[in-house]
Structures are given as structure tokens and as C-alpha cells.
Amino acid sequence: MKKLTGEIMEFADSIVIALVAVMVVFTLFFRIYVVTGDSMQSTLDSGDRLLVSQLFYTPKQGDIVCFVAKNRNEKVLVKRVVATAGQTVDITDDFRVMIDGEILEEAYLDDGIYTSPKNFKFPYTVQEDEVFCLGDNRVNSADSRDLGPIETKYLLGRLVLRLFPRPGTVN
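Thresholds applied
- Residues numbered from 1 in each chain as written.
- Predicted model: local features only at pLDDT ≥ 70, side-chain atom pairs only at ≥ 80, totals over all residues.
- Heavy atoms only, no water.
- Helix = DSSP H or I, 4+ residues; strand = E, 2+ residues; numbered from the N terminus.
- Buried < 20%, exposed > 50% of the residue type's maximum accessible area, 1.4 Å probe, protein only.
- Salt bridge = Lys/Arg side-chain N within 4 Å of Asp/Glu carboxyl O.
- Polar contact = N/O pair within 3.5 Å; in protein donor to acceptor, adjacent residues only side chain to side chain.
- Phe/Tyr/Trp six-rings, centres within 6.5 Å; stacked < 30°, edge-to-face > 60°.
- Lys NZ or Arg CZ within 6 Å of the ring centre and 35° of its normal.

> Could you clarify how one ought to interpret unusual backbone geometry in this entry?
For residues besides glycine, phi is generally negative; the peptide bonds are generally trans as well. The step from Gln41 to Ser42 runs through a cis peptide bond, and the omega angle for that step is 5°. With respect to the secondary-structure elements, Ser42 resides in the loop between strand S1 (30–34) and strand S2 (49–53). Positive phi outside glycine occurs at Asp100, with the angle close to 50°. Mapping Asp100 onto the fold places it in the loop between strand S6 (97–99) and strand S7 (102–103). Classification of Asp100 by relative accessible area gives partly exposed; the value is 46%. Positive phi values are uncommon outside glycine, yet Lys118 reaches one of about 50°.

> Is there a simple way to explain the pattern of salt bridges in this structure?
Side chains that carry opposite charge are capable of pairing whenever their charged atoms lie near each other. As enumerated under the stated definition, the model contains eight salt bridges in all. Of the charged contacts in the structure, one is a salt bridge between Arg166 and Asp45, with a shortest N-O distance of 3.1 Å. Here the residue Arg166 occupies a position in the segment after strand S11 (155–164), and Asp45 occupies one in the loop between S1 and S2, the gap between them amounting to 121 residues. For Arg166, a relative accessible area of 39% gives the class partly exposed. Exposure remark for Asp45: the relative accessible area of 26% places this residue in the partly exposed category. Here the salt bridges do not stand alone but share partners, grouping Asp45, Asp48, Arg162 and Arg166 into one network.

> Please explain the side chain of Ser53 as it appears in this structure.
Along the polypeptide, Ser53 turns up in strand S2. Residue classification places Ser53 among the buried residues on the basis of a relative accessible area of 10%. From its side chain, Ser53 meets the backbone nitrogen of Leu55 in a polar contact 3.2 Å long.

> Looking at this model, I keep getting lost on the packing of aromatic side chains. Mind explaining?
Two numbers describe a pair of aromatic rings. These are the distance of the centres and the angle of the planes. On inspection of all chains with the given rule, the structure shows six aromatic pairs. Look at Tyr124 and Phe132: their rings are 6.4 Å apart centre to centre, the planes differ by 35°, and that puts the pair in the tilted class. Overall, the relative accessible area of 0% leaves Phe132 in the buried class. Connected via pairs of aromatic rings, a cluster forms that spans Phe120, Phe122, Tyr124 and Phe132. Lying over the aromatic face of Tyr108, Arg80 brings its terminal NZ or CZ to 3.6 Å of the ring centre.

In C-alpha cells, the structure reads:
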């Protein structure tokens, strides 16, 4: 009987240690966010579960990031970084994104997707500690054209991989 009780206690200790380890990893290193809405279609769909990391993260052009939208009731949004500090963003007359005077190649956009300037005043030079983010579904996306540039302190991290329903990396 003592042997069985000892084994049960050992098993319970293992479970507690595993749960604490998972909590530490997901608190310090990774977070899981769920995509809501279709602003990133067809790259990401509403309901996709994303593994996001901020560990040693410096924003780069093309990264898909999660951030807290301060002027949207602190909702977590998922968008793509198109420009970082020092880069100048503009939108051409034919609705293409220009970065530092060159057309941004955006193979991830569906055919027929265009980038209207909305209410934002272009051209805009991204300041230190900011990024300029756009959704991949530009027709239906609340992004930096509405919210303005995103301060890096509100970035929650970069997409590492999609967990569900189609697991894997995302470009």
C-alpha cells in the first residue's frame, strides 16, 4: 500500500512540475492568440490559433505581428509589418505600397487587392520605436491607415507558427 501511495505522489509531483513548466514557457517565451476577422485573409483565417513570441524580437519588414490596439479598446490585432523605423511609406495613384520610393513586392496579397490610403496622410516616415502595419486583406482591414503607426511597446510578438487548424509556418 505504501508503495502505491508513493507512486501516486510521484506521479502527482510530475504532473505539477509539468504544468508549472508549461505555464512558465507560455508566460515568458510564447503566447497563443486567436485570429478574429478576415483582415489577414488569405494568409490567415478567422479562428486560426497562432503561436507568437516576443523573445529577443526586433521588428522586421514582412513579419506578421500581434499588437494591442490602444484606440480599439485594447483589442489584440494581427497585421503585417510593411515598414520599420526610418522607412518612408507611401501609396501610389494605382494603390500600390511604396517603401523608400520602391514598390513593395507583396506576393502574399490576393489578386485584385488594392491599398487605399483611407484617412492617413501619406507619405509617412516611420519614427523610432514605431512600425507601420497593414492587413493582407487591405479592403477589409483596420490597420496603420486607420490607427496610425504602431508603437513597438504595444507589440506582443511575431508569429512563429500557426497551431490550428492548418499547423505550420506562415509567410
